[in-house]
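The chain contents come next:
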Amino acid sequence: MKALEIKPDIYWVGAIDWSIRDFHGYVIPDGTTYNSYLILDEEITLLDTVKADFEDTELSNISSLIEPSKIKNVIVNHIENDHMGALRRIMNLVPEAIIYITEKGKHGMSRFFDISRWNIKTVKTGQELKTGKYTLGFIETPMLHWPDSMVTYVKEAKLLISQDAFGQHLASTARFDDEFIKCASESELEDFVIDYYANILMPFGKIIKAKIAEIQKSGISVDMIAPAHGIIWRTNPGKVMEMYLNMADGKSNLRVAIIYDTMWRGTEFMIQPVMQGIKDEGVDCKIIKLRATPMSAAIKELWKSRGCLIGSPTLNNEVYPSVGEFIIHLRGLRPADRIMGAFGCYGWGGGAVKWLYNEFKGMKLESFGSGLEINYRPLQEDDKKCYEFGRDFARKVKEFHKKYE
Ligand code: FEO
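We now turn to the structure provided with this report. All figures in this text were calculated on a predicted structure; none of them were measured in a lab. (Residues numbered from 1 in each chain as written. Predicted model: local features only at pLDDT ≥ 70, side-chain atom pairs only at ≥ 80, totals over all residues. Heavy atoms only, no water.)

Here we look at the overall build of the protein chain
Across its full length, the protein chain carries 13 helices and 24 strands. Within the span of the protein chain, comprising 405 residues, buried residues form 57% of the whole. If you take every contact in the protein chain between residues at least 6 apart in sequence, the share linking residues at least 24 apart comes to 72%. Approximately 17,500 Å² of the protein chain is accessible, and the part contributed by carbon and sulfur atoms is 50%. Averaged over its 51 positive side-chain charges, the protein chain has a centre that lies 4 Å from the centre of its 55 negative ones. (Helix = DSSP H or I, 4+ residues; strand = E, 2+ residues; numbered from the N terminus. Buried < 20%, exposed > 50% of the residue type's maximum accessible area, 1.4 Å probe, protein only. Contact = heavy atoms within 4.5 Å. Areas by Shrake-Rupley, 256 points an atom, 1.4 Å probe, with all protein chains shown as cover. Lys, Arg positive; Asp, Glu negative; His and termini not counted. Charge placed at Lys NZ, Arg CZ, Asp CG, Glu CD.)

In structure tokens, the structure reads:
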């Protein structure tokens, strides 16, 4: 897609990746974009680059506006490969350009490139760069989501170049929120935001709150947020900030996700009565089989639900491997504000359910009871146990949810 002016003399010059489905293990069925921005001012300034595979696209977009050798400044807000991948090619074209980056970013950059001949200025929060009519302010955002991360604020344009924050893995010809909503819907767009937050930013809720508060307190006025992925927020940037604050505060739906896997279907047979018990308590339920669903989709469903039941058979005295993998992934995302429970079938000796409860405890998650285990497979008389387990869990979820209303 060709370069697009998003504010006077500020252009999107990124690339759309329609075909990517695996983003370092995070399954993204709708592709993504790598957003890069170019300011045509007295000092021409490039903000971030794109994944290396798309450097030709970015250079073509830049060349449609100016001769790339005229770039004077390159802002590197984040050193992850999807945003710094084209930097070497750019710097070969403009070896005298000045790179603005955080101290930690400079260190990380040195691990990817030979930076000995590059002009690098490290910046801290509050420092500014005057490009002509525009003033760029830097705000460090460490661990949002890497130690190097920062965002750049273009004061006169009221534009926040927010890096990964407020992004979505979404390939679309729409560049702005209103354009996307016109061809899809607001709730669809919100779902992309939740998916991204759950899979990338879930561990950083406290930092997100503090950073948004810092930005709001600083008195800077933002009427557009331009993230590094997905659409640009120009209609109501406050809406996505509010969504982030709500997610960071643990807001979620009164809903249960049952995330499970099964060996000879015993654990799967438990689900129908468990689900019925939950439903009869008036709580909606979503069922996700792990080997049939990308891990990242399961993470999103957990994040959208106040309660989550994990179903796992015991295999060789251990949790079922796909369930174990899911839990390890979840552990790294440091979930909070959710209530958990577990169930499953076993043949010789149990163990999976106990293992899961230990994991919940390790993650400091609230848990319900001690779970439900059934030998081999549920018989008709076990259905009632499963039903009551689901019903009791739903009652507990409703009670727990009140804290967040
Ligand atoms: Fe989109 Fe942290 O890279």
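Considerations on helix α9 (residues 266-280)
Since the α-helix packs 3.6 residues into each turn, any two residues three or four apart lie on the same face. Spanning 15 residues, α9 covers 23 Å between terminal C-alpha atoms, matching the ideal 21 Å at 1.5 Å per step. Roughly 25° is the biggest bend found in α9, and it falls at Q272, with proline P273 one to four residues downstream. Of all the positions in α9, only G266, T267, E268, M270, I271, P273, V274, G277 and I278 are classed as buried. (Expected span 1.5 Å × (residues − 1). Bend = angle between axes of the 7 residues up to and from the residue.)

Brief notes about the sheet that holds strand β14 (residues 150-154)
Pairing is mixed in the open sheet, where 5 strands are placed in the order β12-β13-β14-β15-β16. Lying at the two open borders of the sheet, with one neighbouring strand each, are β12 (128-130) and β16 (224-227). For this sheet the average axis-to-axis angle between neighbouring strands, irrespective of direction, equals 20°. When β12 meets strand β13 (residues 135-140), the two strands line up antiparallel, connected through 3 bridges. Bridging from a neighbouring strand, L129 pairs with L136 of β13. (Pairing = 2+ DSSP bridges. Axes fitted to C-alpha atoms, helices over the stretch in contact; angles between N-to-C directions.)

Considering empty space enclosed by the protein
Tallying each qualifying case throughout the model produces 2 cavities of 30 Å³ or more. Put simply, the largest cavity is a space of about 110 Å³. T141, L144, V151, L160, S162, A165, F166, I208, K211, I212, I215 and Y244 together form the lining of the largest cavity. Where the lining of the largest cavity is concerned, the elements lending two or more residues are β15 (159-163) and α7 (205-217). Residue contributions to the lining of the largest cavity peak at 4 residues, all from α7. Each residue belonging to the lining of the largest cavity can be placed in one class, and the counts come to 9 nonpolar, 2 polar and 1 charged. Taken together, F23, H24, E80, D82, H145, D164, Y196, I200 and H229 form the lining of the second largest cavity. (1 Å grid on protein atoms, 1.4 Å probe; cavity = no way out; pocket = protein on both sides within 12 Å on 5 of 7 lines; lining within 4 Å. Points joined across faces, edges and corners; volume = space filled by probe spheres on them. Nonpolar A, V, L, I, M, F, W, Y, C, P; charged D, E, K, R; others polar.)

Brief notes about the layout of surface pockets
Estimated volume of the largest pocket: approximately 390 Å³. Lining of the largest pocket is provided by 20 residues; of these, M202, K206, R334, A336 and D337 occupy positions nearest its centre. Secondary structure elements with two or more residues in the lining of the largest pocket: α7 and α8 (237-248). With 3 residues, the single largest contributor to the lining of the largest pocket is α7. Tallied by class, the residues present in the lining of the largest pocket amount to 10 nonpolar, 3 polar and 7 charged. Mapped onto the domain boundaries, the lining of the largest pocket takes at least three residues apiece from domain 1 (4-248) and domain 2 (256-404). (Domains from an automatic or database assignment.)

Some thoughts on the packing of aromatic side chains
Across all of its chains, the model carries 12 aromatic pairs by this definition. Between Y197 and Y244, the ring centres sit 5.1 Å apart and the planes meet at 90°, which makes this aromatic pair edge-to-face. Residue Y197 is located in helix α6 (residues 186-201), and its partner Y244 is located in helix α8; the two are separated by 47 residues in the primary sequence. Exposure class is identical for Y197 and Y244. Each is buried. An aromatic cluster of at least three residues, connected via ring pairs, comprises F166, Y197, Y244 and W303. (Phe/Tyr/Trp six-rings, centres within 6.5 Å; stacked < 30°, edge-to-face > 60°.)

Let's talk about the side chain of D48
As for its placement among the helices and strands, D48 is situated in the loop between β8 (44-47) and α1 (55-63). Not counting residues within four places of it along the chain, the set of residues in contact with D48 comprises N35, S36, E58, I75, V76, N77, H78, H83, I161 and Q163.

A short note on helix α10 (residues 295-304)
The element α10 is largely enclosed, with a buried count of 9 among its 10 residues. Residues of α10 that are buried: M295, S296, A298, I299, K300, E301, L302, W303 and K304.

Function cannot be read off these values alone, since they describe shape.
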